[in-house]
Amino acid sequence: MAWRGSTTVSDRIFACLPYLLPLVEVFRYGEFLFTQFPPLGLLFLPLQPLITIYFGVPFAGLIIFFALFLLVVRKENISHFIRFNTLQAILLDIVIFLFSILTQLIGIIPAGGFAIQTLYTTIFLGTLAAVVFSVIQSLMGRYAEIPAISEAAYMQLR
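First, a word on scope: everything that follows refers to the structure included in this document. (Residues numbered from 1 in each chain as written. Predicted model: local features only at pLDDT ≥ 70, side-chain atom pairs only at ≥ 80, totals over all residues. Heavy atoms only, no water.)

1. Comments concerning the overall build of the chain
Then step 1. What the chain contains, in helices and strands, is nine helices and zero strands.
Then step 2. The order of helices and strands in the chain, counted from the N terminus, is α-α-α-α-α-α-α-α-α.
Then step 3. Computed over its C-alpha atoms, the radius of gyration of the chain comes to 16 Å, within 12% of the 15 Å expected for a compact globule of 158 residues.
Then step 4. Referenced to the eigenvectors of the C-alpha coordinate spread, the extents of the chain come out at roughly 50 × 30 × 30 Å.
Then step 5. Per-residue burial for the chain yields a buried fraction of 44% across its 158 residues.
Then step 6. The long-range share in the chain, meaning contacts at least 24 apart out of those at least 6 apart in sequence, stands at 75%.
Then step 7. Roughly 9,100 Å² of accessible area belongs to the chain as shown, and the carbon and sulfur atoms make up 73% of that amount.
Then step 8. One way to put it: in the chain the 8 positive side-chain charges average out to a point 9 Å from where the 7 negative ones average out. (Helix = DSSP H or I, 4+ residues; strand = E, 2+ residues; numbered from the N terminus. Rg over C-alpha atoms; globule rule 2.2 N^0.38 Å. Buried < 20%, exposed > 50% of the residue type's maximum accessible area, 1.4 Å probe, protein only. Contact = heavy atoms within 4.5 Å. Areas by Shrake-Rupley, 256 points an atom, 1.4 Å probe, with all protein chains shown as cover. Lys, Arg positive; Asp, Glu negative; His and termini not counted. Charge placed at Lys NZ, Arg CZ, Asp CG, Glu CD.)

Next comes the structure, spelled out in structure tokens:
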């Protein structure tokens, strides 16, 4: 990613916040891991109020999606660093949505239980790794390079 100047501490913190969206969205895919490894669920305990609101309010995900896109990504006066990370978090959320369609299709197969568990765990761990990597890179003031997703985000922000 091209260097766009130095980032302030507040830019780094604000760049991390949009990653809550894919983190909350992928929470439901961790159900099989949480039953096998209960201490893993404790890591998500601080997010529980946010998860409850997110899944309790109808269309909360869609509202947050459009709010982030229209109020952050499309505002030229906001730092490129923040806009890039916000768009990358939105793209991660879109990938999770596409995987939800795939899991619904696999759920139709009568003997697809093991496949669903494997797919859920893979989606959860992959998204969790991408979010943790992106947050760490953002806190260090660097652009997180996630193959394909970062390229798509960068093309949208030119």
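Text resumes after the structure shown.
2. Overview of helix H9 (residues 149-156)
Then step 1. All of the buried residues in H9 are Ile-149, Ser-150, Ala-153 and Tyr-154. With its buried residues spanning 130 degrees around the axis, H9 presents them on a single face. Set apart from the buried face of H9 by more than 90 degrees, the exposed residues are Glu-151 and Met-155.
Then step 2. Against the buried residues of H9 lie helix H7 (80-108). (Arc of directions from axis to C-beta.)

3. Digging into the side chain of Asp-11
Then step 1. For Asp-11, the position within the fold is in helix H1 (residues 9-16).
Then step 2. With near-sequence residues (within four places) excluded, Asp-11 lies in contact with Ser-79, Phe-81 and Ile-82.

4. Observations regarding the side chain of Gln-88
Then step 1. Tracing the backbone shows Gln-88 in helix H7.
Then step 2. Judged by its relative accessible area of 0%, Gln-88 falls in the buried class.
Then step 3. At 2.5 Å, the side chain of Gln-88 and the side chain of Ser-150 are in polar contact.
Then step 4. Setting aside residues up to four positions removed in sequence, Gln-88 forms contacts with Tyr-19, Ser-134, Ala-144, Ile-146, Ile-149, Ser-150 and Ala-153. (Polar contact = N/O pair within 3.5 Å; in protein donor to acceptor, adjacent residues only side chain to side chain.)

5. Considering the pattern of salt bridges
Then step 1. Taken as a whole and judged by the stated rule, the model has two salt bridges.
Then step 2. In this structure, the salt-bridge partner of Arg-28 is Glu-25, at a minimum N-O distance of 2.7 Å.
Then step 3. What makes Arg-28 partly exposed here is its relative accessible area of 35%.
Then step 4. Relative accessible area serves as the criterion here: at 11%, Glu-25 is assigned to the buried category.
Then step 5. Note that Glu-76 and Arg-83 form a salt bridge whose closest N and O atoms lie 3.9 Å from each other. (Salt bridge = Lys/Arg side-chain N within 4 Å of Asp/Glu carboxyl O.)

6. Overview of the packing of H7 against helix H8 (residues 113-139)
Then step 1. It is the contact of H7 with H8, at a shortest axis distance of 10 Å, that shows an interaxial angle of 175 degrees. Considering the angle they form, H7 stands roughly antiparallel to H8. Within the contact between the two elements, H7 uses Phe-81, Asn-85, Gln-88, Leu-92, Ile-96, Phe-99, Leu-102, Thr-103, Ile-106 and Gly-107 and H8 uses Ala-115, Ile-116, Leu-119, Tyr-120, Ile-123, Thr-127, Ala-130, Val-131, Ser-134 and Ser-138.
Then step 2. Across the contact of H7 with H8, the residue classes break down as 13 nonpolar, seven polar and no charged. (Axes fitted to C-alpha atoms, helices over the stretch in contact; angles between N-to-C directions. Parallel < 35°, antiparallel > 145°, perpendicular 65-115°, else oblique. Nonpolar A, V, L, I, M, F, W, Y, C, P; charged D, E, K, R; others polar.)

7. Topic: the packing of aromatic side chains
Then step 1. This model, assessed by the stated rule, comprises 11 aromatic pairs.
Then step 2. A centroid spacing of 5.4 Å and a plane angle of 80 degrees characterise the contact between Phe-34 and Phe-124, whose relative ring orientation is edge-to-face. Placement of Phe-34 in helix H3 (residues 31-36) and of Phe-124 in helix H8 is noted, with a sequence separation of 90 residues between them.
Then step 3. For the ring pair Phe-44 and Phe-124, a centre distance of 5.7 Å and an interplane angle of 45 degrees mean the geometry is tilted. With Phe-44 in the loop between helix H4 (38-42) and helix H5 (48-56) and Phe-124 in helix H8, this pair connects stretches of sequence that are 80 residues apart. Phe-124 carries the same exposure label as Phe-44, and that label is buried.
Then step 4. The rings of Phe-27, Phe-34, Phe-44 and Phe-124 are connected pair by pair, giving a single aromatic cluster. (Phe/Tyr/Trp six-rings, centres within 6.5 Å; stacked < 30°, edge-to-face > 60°.)

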